[in-house]
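Residues per chain, in single letters:
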Amino acid sequence: METRMETVSVAHGKELIAAGVNLWQNSTQFLKDNIPAASRYVVVSDTNVWRLHGPRVLAGLRAVGVEPLLTTIEPGEASKTRATKERLEDWMLEHACTRDTCLIAVGGGVVGDLVGFVAATYMRGIPVVQVPTTLLAMVDSSIGGKTAVDTEAGKNLIGAFHHPAVVFIDTSFLKTLPLRELSNGMAEVIKTAAIRDRALFELLENNPDAVLDRDEALLQQIVVRAAGIKAHVVSIDERESGLRCILNWGHTIGHAIEALVAPQLLHGECVSIGMVLESHIALKLGQLGSSLSLGRIVRCLQAYKLPIHLPAGLSIDDLLRLMQVDKKNAQGQIRCVMLRSIGSCLEHPLPVPREVFRQVLSPQVSVEPVSGGVTGTITVPGSKSISNRVLPLAALASGECRIRGLLHADDTSVMLDALRQLGATFAWEDDGAVLHIVGAGGTFVNTDAAKPIFLGNAGTASRFLTTMATLLPDGAAVVLTGSPRLKERPIKDLTDALLGNGCKLRFVEKPGCFPVEVSGGGLPGGEISLSATVSSQFVSSILLSAPYARQPVTLRLKDGAVSRPFIDMTVQLMRQFGIAVQEIDRDTFFVPQGVYRNPPQFTVECDASSASYPLALAAITGGRVTVDSIGSASVQGDAQFYTVLEKMGCAVSQSETSTTVCGPAAGQPLRALRVDMSAMTDTFMTVAVLAAVADGTSVIHNIANQRVKECNRIFAMVEQLSKLGVNARETADGLEIEGCAGHLERLRPAEIACYNDHRIAMSFAVLAARVPGIVITDKQCVDKTYPEFWTDLEARFAVRLLAPPSVSKPPTLTADPHAAAEGVDTLSVVIVGMRGSGKSTMSAAVARILGWHFIDLDDAFSQHVGEPIGAFVGRHGWPAMRDRELDVLRETLFGHRRRTIIATGGGIVETPAAVALLQAYPGLVVQLTRDASDVEAYLASDTSRANLGEPPAAVWARRKPLYRAASKYEFVLPRGECDWPQAERAMARFVADLLRPPPLPPSSPGAAPSFFLSLTVPTMHHPVIRTAALFEGVAAVELRVDLLESDDHDFIKEQVCVLRRHTSLPIIYTLRSKTQGGAFSGDEQAYLSLLRLGLRTGCRLIDLEACWSASGLAAFLEQPRRAAIIGSMHNFAEPPTEQLLRNMFNTSYLGGQADIVKVVGMARSIDDTLLLQRVASSVSFKRPLISICAGDKGKLSRVLNGFLTPVTHPLLPVAAAPGQLSVSEIMHLRAALSFDHRHDADQQPAQQSSGSAQFYLFGSPISLSPSPLLHNTAFAALRLPYRYELFPTLEVEAAAARLKEAATLGGSVTIPHKQAIVPYLDELSTEAAAMGAVNTVIKLPDGRLRGDNTDWLAIHNMLDDLRRSAGLSLRTGLVIGAGGTAHAACYALMRLGVRFSVYNRTAAKAQELSAKYGGTPLAEWPADTADSWRPDVVISTVPPASELRLPAHLWHPGMAVVELVYTPRETLLVRQAREFGRCHVIEGIELLLAQGAAQFALWTGREAPRADMVRALLHDWHGGVLAASPPRTFV
């Protein structure tokens, strides 16, 4: 290509910019001519750039007689330091470089900044030439003379202004620039255009594909214009004292983000997010004139593959702290550049109130309730439904169309991006208000065949494009994919219809779900049969593409269609584009062949669904609101929403183009109603929140398809309304809501989960206008259809928005005893799996162990139809059985939403609608997998089941992918499983673990050190795994998947299962790649596939290496999960430097999505360890850190690291990493160094005080208690620096005072204080609150006192163990006594599902206790009769002095006796049991050990060394009195 050089002068001739394509090799004489004083040239580059461009640079210089000196630096920000500058200067001095030397910087911003600073100071200043090789450097850092290096305190803090003599911009260097780096630079170009050049912005927004494809002429034009703007600004304000500040638009917030997440996000990516957020600020402050400008900026950034949302998990306080030191600030105020419109901004930054920053930065928002009626007139955004139909219609048509009123939101952006990739061409006009689209006449071309079309969570676009993609040329294909939620949304009915018509489709992951590969060649046409009971969009999808089929289409709907108004809309719009669809009957459509014709102009009417929110605001507040551009002439079914409000008591009116609603007068509540919302399904959520404050019970029905939208909307509304105290119930096709009749005091504050669903967020915002304390937890999800929603609330209706304070929830000191344990998910659990896998047996056992209800769907089916399944199949056939089975599944899921284990039939997955229902189910769906040969052998022996008509192996092969599609988790039984009680316990623990948040040990500076064991055996069948001592002293166990003997998925699933059999510790699932020091050598796709297996098998912590691509990591992190993420980086190759370590920490942070951050370097000296500790202590994000150095010289780092240090064990064949120590070795070293864990943050020696214990037993009498022996033994075994002592007192105030002392870390509570201590505590666990009794106090890191109860847990677990191991029946029980410990006994029996009675000599107390826990009071012993009641378990909680004797007729063989008193060891009840001789006895000393071990875990976050504790009790308590006849569980 011929070189065309353009030049721009900067700063009154101090700097000259030369730009062109292939400029370097043709114009280096220009460089030499413009630096006549230079006689020597020094080229500085980085090693990566020089490898790519070095020969070309040298050739260009040699062509004009220049033979330069050359030196390179390492690439990356870590080289931009004073030390590198010093080395470079020393190198130049060694080579006798003098003042006639010219430096040439070849590279990106790091090289340019560093070399420019050297030039500024070397011999008081020498000339420098900037040769930028990245787009970012070309348009930004190379121009203007700002040079600098980084320091520990921050970026660019040491530097100088030193203009380059020439900036040599050769855009051909960009050919080798990675796409992400090109997009990174485009952020600065977009910034420059937005603040200064409207025409350049229009050029950018209309040509993203050409730019990203590196069109040479277009790139040169863009670079020259952007560089020229910066040159002009710098010329006016050379020293950044005025106008030059505008170049920092987006940088106030962007730089703060970059400081927290670099290098995971690049500079331009952070600025991109900053531009969006600072535009929101300008809009909020009234500086940005139109939200259309914001929409254009967002669309433009997205078109160039740039992020627009703040990374999850960033602290607003951290961001504000970093923004506080921004150079634009003045007088303590944070200032921002204010955009006014596209191409224009204020020339001086304005101060921004901190509250405004908080509102914009916060992912949450709360609405302040209004005091009067909301009034106003508004035009809401364009219709999503019409926009998403008009866009493909116009793209498929012939001719040109200018579309006005198009919705500017996520969904339409997704559709536009997809159509662009399929070859559509369009441009924005009239400041983004008009889209000019040129139709393709039905001919699509995939512009990038290797690139999937990513559709986010846009259901409409995904379904329409599935059929449209068949119109690609024969031989072409495209993969349609999207977010994890889109991958769960069903498309099987649509794809079945297309496959049946002869189209070529392939499911990439799960059958019937995205991603799907669609091959071109055209839609065959003719007769097409389609099921549309799930979504009307399937119908519209085929209708829209049907005119281009190879023959006319007759579309027949099976069983009718849902959401009929949307089909009518599609037909009406097709008619406007020239194709008349004939409706033969209600369910048959004939579409002739033809070509759509674009109308010259088309106006999209406002979105009727979005209009429902301002209209509902008028209804709920008693105000008056008019929505323009939506009236009786609308084609949208939701335009009839106003009729629902009329039925609820509002005054309404509607013209052809507007709708007005007046709410009831003050004091008059809305009326409840029964309403069929099938014609306006998208507004049912708006009606639901109004029903919450209405008078009476509202019934919303005929909306069953809303379960497969952005989320299961019916379930979501019931759940979130229930949080507010609203009584809401899910029905088969809708929901019922009992309103509070305007008595808002009956409702309570709540945080509303939005499920990434825009309509949930906006609906609850309406309710929040009346109900105080509602927090919307995901405000940005409204961007999907109504990005201006929050702005409109404030600007149009004067509704005040607030940023919710990020504080902990207040403690709850009272609770329903039947409530779930704290943090536990109580949604019912569904078990799926192959016939004969043991679903019914295992599910029943899980239900029994958890104390939940159990439903076998096969039994429920038989009850439903009144005969066994086999008989029904014999009379009606399998299809009828599957249809009826689906009904039973629906009824069961809706009718048993909580605390139920549901075992399905093996063939439930044969019904696509059932799979869709299970995919949409928000609770756990677990696949139970048994080895195929075991299943086959079992089925061969069972003749009672209905014949499947084919071999089990064939059934399994067909169903295997369907089970996976229907479930998110999988529990695997080992081959040849025969220990069913153990299997049942393992599966119960598997389910129970997943119902709770991942258990993490304490990570505060005051917490004890914690560890995880790194396993290095090739199989979990290795004998060492069966050794209990292997797992002592650690909080988790790491399964190193890369070290296993096979990476086969089924093999790995079995390994997880076997490991669970031998330890209850949480599993850390780790696949360490070779580049990170491990053995895995596969690619990213294989890595992420194996990591997803860790999620599926229920591992509680997943080690996610942060070295993989940003897109791959983002895709993994988007998945729903119940595991904590350890973001990890390992670097054993490079010597650790401060910048390298900071980059590793920031990268491992995963943009805020890591729950734990792990950084591992290689220590070459002890200084490396100390450097790592110093950097770790200075990171700004709030996450638990694992920071260690490998190697012998890094062992100290393992001693200093306080949280989840990886350890080995002497029993293991090899350590997982060089320098890895055991728990014992680390604790020995800590003891030798006198480290007290409470001072780990500063690593100071412990303060030993002889008279001060750290844990106490409070109560009286306690002198004979073995608790000090138990706990001090455990502390010593794990080398923890604690003491446990007695604190005998009858005064609860004295106990509370000692607990509050700084040296006290917690304590045990016994009689008489278990209930009296409660008012002195700051918070209680749910269990303790339910009982109103505490036996354990934990001091939290902030000094607050938390009460818990382990008495009930000990009783519960020991009885449960007897039930499993000895077959103890636990149907009926008896509790003797009514004191504090009796509460624990009753609670344990209640959680076990036991029907129990309470006997106490004071009848009133027995009645009170029974009423609380659902027991039966006994005023006297039952009479001895033939049918008299006999308890399966008796629990005595009374003191031995009571001499209470159990009547002889209540004794029976196989019962259990539990004695809570441990001294004397043999109470009267125990003696009776020994004499009876045919019962199980649990002694008080056994319970003491069990509850003490649980206390130990609560205090330390580590598993108690039970073996040591048992030995101490056997041999050291009371002179070894227990050793002669140890209790059962001590043996």
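In the block above lies the structure referred to throughout.
Residues numbered from 1 in each chain as written. Predicted model: local features only at pLDDT ≥ 70, side-chain atom pairs only at ≥ 80, totals over all residues. Heavy atoms only, no water.

Participant: I tried to follow the overall build of the chain on my own but got confused; where do I start?
Facilitator: The helix and strand inventory of the chain stands at 51 helices and 62 strands. For 1531 residues, the compact-globule formula gives about 36 Å, and the C-alpha radius of gyration of the chain, at 36 Å, lands near that figure. Principal axes of the C-alpha set define a box for the chain whose edges measure 110 × 90 × 70 Å. Considering the chain as a whole, with its 1531 residues, one finds that 61% of them fall into the buried category. Of the accessible surface of the chain, which amounts to about 54900 Å², a share of 51% is contributed by carbon and sulfur atoms. Charge centroids of the chain, computed over 145 positive and 153 negative side chains, lie 1 Å from each other. (Helix = DSSP H or I, 4+ residues; strand = E, 2+ residues; numbered from the N terminus. Rg over C-alpha atoms; globule rule 2.2 N^0.38 Å. Buried < 20%, exposed > 50% of the residue type's maximum accessible area, 1.4 Å probe, protein only. Areas by Shrake-Rupley, 256 points an atom, 1.4 Å probe, with all protein chains shown as cover. Lys, Arg positive; Asp, Glu negative; His and termini not counted. Charge placed at Lys NZ, Arg CZ, Asp CG, Glu CD.)

Participant: Where do I start with the pattern of salt bridges in this structure?
Facilitator: Two side chains that carry opposite charge are able to pair once their charged atoms sit near each other. Under the defined criterion, the tally for this structure stands at 65 salt bridges. Through salt bridges with shared partners, a single ionic network connects R707, E719, E730, R897 and R898. (Salt bridge = Lys/Arg side-chain N within 4 Å of Asp/Glu carboxyl O.)

Participant: I tried to follow the sheet that holds strand β58 (residues 1395-1399) on my own but got confused; where do I start?
Facilitator: Within a sheet, each strand pairs with its neighbour through backbone hydrogen bonds, oriented either parallel or antiparallel. One open sheet holds the six strands; their spatial order is β59-β58-β57-β60-β61-β62, and the pairing between them is parallel. On the outer flanks of this sheet lie β59 (1416-1418) and β62 (1480-1482), each paired with one strand and no other. Across the sheet, the axes of successive neighbouring strands diverge by a mean angle of 20 degrees, strand direction being ignored. As paired elements, strand β57 (residues 1372-1376) and strand β60 (residues 1433-1436) share four bridges and run parallel to each other. Counterpart to V1375 in the pairing with β60 is I1435. Against the sheet, helix α46 (residues 1351-1366) contacts β60, β61 (1456-1459) and β62, and its axis sits at roughly 155 degrees relative to β62. Along the sheet face, helix α49 (residues 1468-1476) touches β60, β61 and β62 and points at about 155 degrees away from the line of β61. (Pairing = 2+ DSSP bridges. Axes fitted to C-alpha atoms, helices over the stretch in contact; angles between N-to-C directions. Contact = heavy atoms within 4.5 Å.)

Participant: What is the right way to look at unusual backbone geometry in this model?
Facilitator: When glycine is set aside, most residues are seen to have a negative phi, and most peptide bonds are trans. Cis geometry is adopted by the peptide bond preceding P515, which originates at F514 and carries an omega value of 0 degrees. Following the sequence through the fold, P515 ends up in the loop between β21 (505-507) and β22 (516-519). Cis peptide bonds are those with omega within 30 degrees of zero, and the linkage from S1260 to P1261 qualifies with 0 degrees. Mapped onto the elements, P1261 comes out in the loop between β51 (1255-1259) and α43 (1267-1277). For Y755, which is not glycine, the phi dihedral falls at a positive 55 degrees. Although it is not a glycine, N756 sits at a positive phi angle of roughly 55 degrees. Relative to the helices and strands, N756 resides in the loop between β35 (750-752) and α26 (758-768).

Participant: Would you mind showing me how to read the pairing of strand β30 (residues 658-662) here?
Facilitator: Consecutive residues of a regular strand have side chains that alternate between opposite faces of the sheet. For β30, the tally of buried residues reaches five of five residues, placing the bulk of the element in the interior. With burial as the criterion, each face of β30 is covered, one bearing S658, T660 and C662 and the other bearing T659 and V661. When strand β28 (residues 624-628) meets β30, the two strands line up antiparallel, connected through five bridges. Within β30, the residue paired with V625 across the bridge is V661. As judged from the four bridges shared by strand β29 (residues 651-654) and β30, these two strands associate in the antiparallel manner. What sits directly across from V652, in β30, is V661. What sits between the antiparallel neighbours β29 and β30 is a turn of three residues.

Participant: What's the story with the environment of L673 in this structure? I'm lost.
Facilitator: Considering the arrangement of structural elements, one finds L673 in the loop between β30 and β31 (674-676). Taking the relative accessible area as the measure of exposure, L673 reaches 8% and is therefore buried. Each C-alpha atom of the pair L673 and A1366 lies 56 Å from the other, and the pair is 693 residues apart in sequence. Discounting residues that sit within four places of it in the chain, L673 has contacts with V644, K647, M648, V687, T697, S698 and V699.

Participant: Quick question: what am I supposed to make of the packing of aromatic side chains here?
Facilitator: Each aromatic ring pair is summarised here by two numbers: the centre-to-centre distance and the angle between the ring planes. Inspection of the entire model under this criterion finds 25 aromatic pairs. Taking 4.9 Å as the distance between ring centres and 75 degrees as the angle between the ring planes, the aromatic pair formed by F789 and W790 counts as edge-to-face. The burial state of F789 is the same as that of W790; both residues are buried. Taking 6.1 Å as the distance between ring centres and 50 degrees as the angle between the ring planes, the aromatic pair formed by F1080 and Y1087 counts as tilted. Classification of Y1087 by relative accessible area gives buried; the value is 0%. The ring of W428 carries R299 above its face, with NZ or CZ at 3.9 Å from the centroid. Stacked on the ring of F1476, the Lys or Arg R1478 has its end atom at 4.3 Å from the ring centre. (Phe/Tyr/Trp six-rings, centres within 6.5 Å; stacked < 30°, edge-to-face > 60°. Lys NZ or Arg CZ within 6 Å of the ring centre and 35° of its normal.)

Participant: Would you mind showing me how to read helix α47 (residues 1380-1392) here?
Facilitator: Given 3.6 residues per turn, any residue in an α-helix points the same way as the ones three and four places further on. Given a rise of 1.5 Å per residue, 13 residues ought to cover 18 Å, and the 19 Å separating the end C-alpha atoms of α47 matches this to within 8%. When you tally the buried positions in α47, you get 13 out of 13 residues, the bulk of the element. G1393 sits one or two positions beyond α47 and adopts a positive phi of about 80 degrees. (Expected span 1.5 Å × (residues − 1).)

Participant: Mind showing me how you'd approach the sheet that holds strand β23 (residues 526-532) here?
Facilitator: As summarised here, the arrangement of the four strands in space is β23-β24-β26-β25, forming an open sheet in which the pairing is mixed. The open sheet is flanked by β23 and β25 (582-585), the only strands paired with a single partner. In this sheet, neighbouring strand axes are inclined to one another by 25 degrees on average, regardless of whether the strands run parallel or antiparallel. Bridging between strand β24 (residues 553-561) and strand β26 (residues 588-591) involves four bridges; their strand directions are antiparallel. Note on β26: the bridge partner recorded for V553 is V591.

Participant: Hey, could you run me through the packing of α43 against helix α50 (residues 1484-1500) in this one?
Facilitator: For any two helices packed against each other, the geometry is given by the interaxial angle and the distance between the axes. Between α43 and α50, the shortest axis-to-axis distance is 11 Å and the interhelical angle comes to 45 degrees. One finds that α43 runs oblique with respect to α50. As α43 runs across α50, the sense of the crossing is right-handed. Packed against α43, whose contacting residues are S1267, L1270, H1271, A1274 and F1275, the element α50 presents L1488, L1489, G1492, Q1495, F1496, W1499 and T1500 at the interface. (Parallel < 35°, antiparallel > 145°, perpendicular 65-115°, else oblique. Left-handed = near helix turned anticlockwise from the far one by under 90°.)

Participant: Whenever I open this one, helix α40 (residues 1166-1178) confuses me. Can you help?
Facilitator: Its 13 residues give α40 an end-to-end C-alpha distance of 19 Å, which sits within 8% of 18 Å, the value for a rise of 1.5 Å per residue. Listing the buried residues of α40 in full gives D1168, T1169, L1171, L1172, Q1173, V1175 and A1176. The secondary structure elements touched by the buried residues of α40 are α39 (1138-1148), β48 (1156-1162), β49 (1185-1190) and α41 (1195-1200).

Participant: Sorry, what's going on with the nonpolar core here?
Facilitator: Nonpolar side chains in soluble globular proteins tend to end up buried together. Counting 197 residues, the largest nonpolar core has L204, Y304, F357, L1104 and F1145 as its most contacted members. Among the elements that make up this core, the one with the highest residue count is helix α9 (residues 216-236) (eleven residues). Ignoring any residue separated from it by four or fewer positions in sequence, one finds L1104 in contact with Y1087, L1088, L1091, L1113, F1116, L1117, I1125, I1126, G1127, S1128 and L1150. The next biggest cluster of nonpolar side chains, apart from the first, holds 80 residues, and it includes C650, A691, A716 and L721. (Core = buried A, V, L, I, M, F, W, Y, C linked by side-chain atoms within 4.5 Å.)

Participant: Whenever I open this one, the pairing of strand β18 (residues 434-438) confuses me. Can you help?
Facilitator: Taken across its five residues, β18 has four buried, putting it largely inside the fold. By the bridge criterion, five bridges tie strand β16 (residues 400-404) to β18 in an arrangement that is antiparallel. Its bridge partner being in β18, I403 is matched across the sheet by L435.

Participant: Got a minute to help me understand the environment of P1002 in this structure?
Facilitator: Structurally, P1002 is set in the loop between α35 (980-994) and β43 (1011-1014). For the pair P1002 and R1502, spaced 500 residues apart in sequence, the C-alpha to C-alpha distance is 9.5 Å. In contact with P1002, other than residues within four places in its own chain, are A1007, F1203, T1500 and G1501.

Participant: What am I meant to see in the packing of helix α24 (residues 684-691) against α26 here?
Facilitator: It is the contact of α24 with α26, at a shortest axis distance of 9 Å, that shows an interaxial angle of 30 degrees. Relative to α26, the element α24 is oriented roughly parallel. The element α24 and its partner α26 pack so that their crossing is right-handed. Of α26, the residues touching α24 (which contributes M685, T686, V689 and L690) are R759, I760, S763, F764, V766 and L767. Tallied by class, the residues present in the contact of α24 with α26 amount to seven nonpolar, two polar and one charged. (Nonpolar A, V, L, I, M, F, W, Y, C, P; charged D, E, K, R; others polar.)

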